[in-house]
Amino acid sequence: MNTEILLPTEQAFRLAKTYIEAGEAVAFHTETVYGLGADARSDSAVRHIFELKGRPSDNPLIVHVHRDYDISTLIDGEPAYAAPLRRAFLPGPLTMVYPSAGKVSRFVSCGLDTLAIRVPASSAAQGFLRAVNAPIAAPSANLSKHVSPVTAKHVYEDFGGKIPLIIDGGACDGGIESTVLDCTGEIPVILRAGLISREQIAAVAGDCGVYRAKAGEKPKSPGMMYKHYAPRCRTAYFHREELQTAIALYHEEERAGGAPCILCEHALLGALQGCRALDLGDTDREMAQRLYVLLRRAETDATLLIGIAPTLRGGAMTGVLNRFQRAFGGTDEA
Ligand code: AMP
Ligand code: MG
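The rules we used
- Residues numbered from 1 in each chain as written.
- Chains lettered and ligands numbered in written order.
- Predicted model: local features only at pLDDT ≥ 70, side-chain atom pairs only at ≥ 80, totals over all residues.
- Heavy atoms only, no water.
- Pairing = 2+ DSSP bridges.
- Helix = DSSP H or I, 4+ residues; strand = E, 2+ residues; numbered from the N terminus.
- Axes fitted to C-alpha atoms, helices over the stretch in contact; angles between N-to-C directions.
- Contact = heavy atoms within 4.5 Å.
- Phe/Tyr/Trp six-rings, centres within 6.5 Å; stacked < 30°, edge-to-face > 60°.
- Buried < 20%, exposed > 50% of the residue type's maximum accessible area, 1.4 Å probe, protein only.
- Salt bridge = Lys/Arg side-chain N within 4 Å of Asp/Glu carboxyl O.
- Arc of directions from axis to C-beta.
- Parallel < 35°, antiparallel > 145°, perpendicular 65-115°, else oblique.
- Left-handed = near helix turned anticlockwise from the far one by under 90°.
- Nonpolar A, V, L, I, M, F, W, Y, C, P; charged D, E, K, R; others polar.

Chemist: Before we go on, may I ask you to explain the sheet that holds strand β12 (residues 234-238) in this structure?
Modeler: Think of a sheet as strands paired side by side through backbone hydrogen bonds, with each pair either parallel or antiparallel. Read across the open sheet, the four strands follow the order β12-β15-β13-β14; overall the sheet is parallel. Looking along the sheet, the strands with just one partner apiece sit at the ends: β12 and β14 (277-279). Across the sheet, the mean angle separating the axes of adjacent strands is 25° when strand polarity is ignored. Pairing of strand β13 (residues 260-264) with β14 involves three bridges; the strand directions are parallel. Residue pairing across strands places L263 opposite L278, the latter belonging to β14. Helix-sheet contacts for helix α7 (residues 243-255) involve β12, β13 and β15 (304-308), and the interaxial angle to β15 is about 170°. Across the sheet, helix α8 (residues 284-301) lies against β13, β14 and β15, angled at about 155° from β14, the strand it touches most.

So this is what it looks like as structure tokens:
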């Protein structure tokens, strides 16, 4: 199959609509990462997405709709705090999980009685969703476990020849996935940290919890249980205090004829003289924007990527640290 990469024009949106109506999957730009979308109402289209990605069948998908789509047709009621949250943050990088009305394919939520809905802000995503005017199930447009894509080229690397169209809206500003928020209980609860922080949500909803899976309990957001975001080179993970050990490992790899590389926050670069280092930046937004770009870059030219966990906290850092640790196989403590 030939994979076309088209700029987000009305013509591209019309073409995307014909593919979606034919049960195909289309990749599209959003403000977080690129999505791989298919008609959420079609069993075969949704199963096609799982097959393309090699995604475990118990990891549910987020449904994407345009800003004027009437989501009350997809959900079975909602708590009082949901509407103020939508007004404050949508369109934007917040996915809200509601009781499902069962109007989309049962494969979307993998047997859960809830439905995750997102209204992306990017004009490319809005144009595509408006043209299709249907709920679009869309996970990130990467092969399962691989680093999420933040450019059309990244999508092509994983799905070139396997999907008909990528809508190229340029690099994603946000850089990490949306915050996933459970809106089925008394207070909203974060299932996956992202660009919108707990503090921002609590400021609107009055309170906001953070979900932690208990041992032996079926997880509320199964996708969070998998090793994820992994670059295709060897990796090693260190804390800031272990800098000298990280540098020693770097030189050992170099002596063995490998091509090591260090990924760390900007403030640490001065301490890494003589080492090749990739600069994550200074702020939470910069680190979110650069993380996947740099993980994808490292896997093309490094034999060993050494990650030194950022020390910055607050804002999007909970989400950044969560991805950072999981990319390096570190523990998920953020
Ligand atoms: P991805 O689209 O690949 O970034 O992953 C979607 C994320 O949303 C995963 O972590 C899922 O577990 C989560 N998710 C999707 N639908 C639901 C749902 N109905 N309830 C809880 N989490 C969900
Ligand atoms: Mg994903």
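What follows continues from the structure just given.
Chemist: How should the packing of aromatic side chains be read in this particular structure?
Modeler: Any pair of aromatic rings gets described here by the distance separating the centres and the angle formed by the planes. If you walk through the whole model with that rule in mind, you get five aromatic pairs. With a centroid separation of 4.7 Å and an interplanar angle of 35°, the aromatic rings of F28 and F128 are classed as tilted. One end of the pair, F28, is in strand β2 (residues 26-28); the other, F128, is in helix α4 (residues 123-132), with 100 residues separating them in the sequence. Comparing F28 with F128, the two get one shared label, buried. Arranged with centres 4.8 Å apart and planes meeting at 35°, the rings of F324 and F328 form a pair that is tilted. Among the aromatic side chains, those forming a connected cluster through ring pairs are Y237, F324 and F328.

Chemist: Just checking my understanding: could you explain the pattern of salt bridges for this structure?
Modeler: Side-chain pairs of opposite charge can arise whenever the charged atoms involved come near each other. Using the criterion set out here, one finds 13 salt bridges in the structure. Between R86 and E78 there is a salt bridge, and its shortest N-O distance comes to 2.7 Å. The partly exposed category is assigned to R86, whose relative accessible area is 22%. One salt bridge connects E157 with R296, and the closest N-O pair in it is separated by 3.3 Å. With a gap of 139 residues between them, E157 in helix α5 (residues 152-159) and R296 in helix α8 connect regions that are remote in the sequence. Residue E157 is classed as partly exposed on the basis of its relative accessible area, which comes to 41%. Accessibility expressed as a relative area gives 3% for R296, which makes it buried. The structure contains a network of salt bridges with shared partners spanning K153, E157, D158 and R296.

Chemist: Is there a simple way to think about the environment of L321 in this case?
Modeler: By the secondary structure assignment, L321 is in helix α9 (residues 317-327). Residue classification places L321 among the buried residues on the basis of a relative accessible area of 4%. Note: C-alpha distance between L321 and A298 (23 residues apart in sequence) is 18 Å.

Chemist: Mind showing me how you'd approach helix α2 (residues 43-53) here?
Modeler: The periodicity of an α-helix, 3.6 residues per turn, causes residues three or four positions apart to be oriented the same way. Buried within α2 are the following residues: A45, V46, I49, F50, L52 and K53. Looking down the long axis of α2, one finds its buried residues gathered within 165° of arc, a one-sided arrangement. Pointing more than 90 degrees away from the buried face of α2 are the exposed residues S44 and E51. On the buried face of α2, the contacting elements are β3 (35-39), β7 (136-137) and α5. Note on α2: the residue one or two positions beyond its end, G54, has a positive phi of about 70°.

Chemist: Even after reading the chapter, I still don't get the pairing of strand β6 (residues 114-118), so can you show me in this structure?
Modeler: Within a regular strand, side chains alternate between the sheet's two faces. Counting buried positions along β6 yields five of five residues, so the element is predominantly enclosed. Covered by surrounding structure in β6 are T114, A116 and R118 together with L115 and I117, the residues of both alternating faces. Judged from the three bridges that link them, strand β4 (residues 62-64) and β6 form a sheet pairing that is parallel. Bridge pairing in β6 places H64 opposite R118. Note that strand β5 (residues 94-99) and β6 share five bridges and pair antiparallel. Bridge pairing links Y98 to L115 in β6.

Chemist: Which parts of the structure should I look at to understand the pairing of β15?
Modeler: Taken across its five residues, β15 has five buried, putting it largely inside the fold. Residues L304, I306 and I308 of β15 are buried on one face, and the alternating residues L305 and G307, pointing to the opposite face, are buried as well. Pairing between β12 and β15: five bridges, direction parallel. Within β15, the residue paired with A236 across the bridge is I306. For β13 and β15, the ladder comprises four bridges, and the chain directions are parallel. Bridging across to β15, L263 finds its partner in G307.

Chemist: Where do I start with the packing of α8 against α9 in this structure?
Modeler: Pairs of packed helices are described in terms of their axes, by the angle between the two and the distance that separates them. Between α8 and α9, whose axes approach to 9 Å, the crossing angle comes to 20°. For the element pair α8 / α9, the angle class is roughly parallel. In this structure, α8 crosses over α9, and the sense of that crossing is left-handed. Mapping the contact onto sequence places D284, M287, A288, L291, Y292 and L295 in α8 and M317, V320, R323, F324 and A327 in α9. Here the contact of α8 with α9 is built from residues that sort into nine nonpolar, no polar and two charged.

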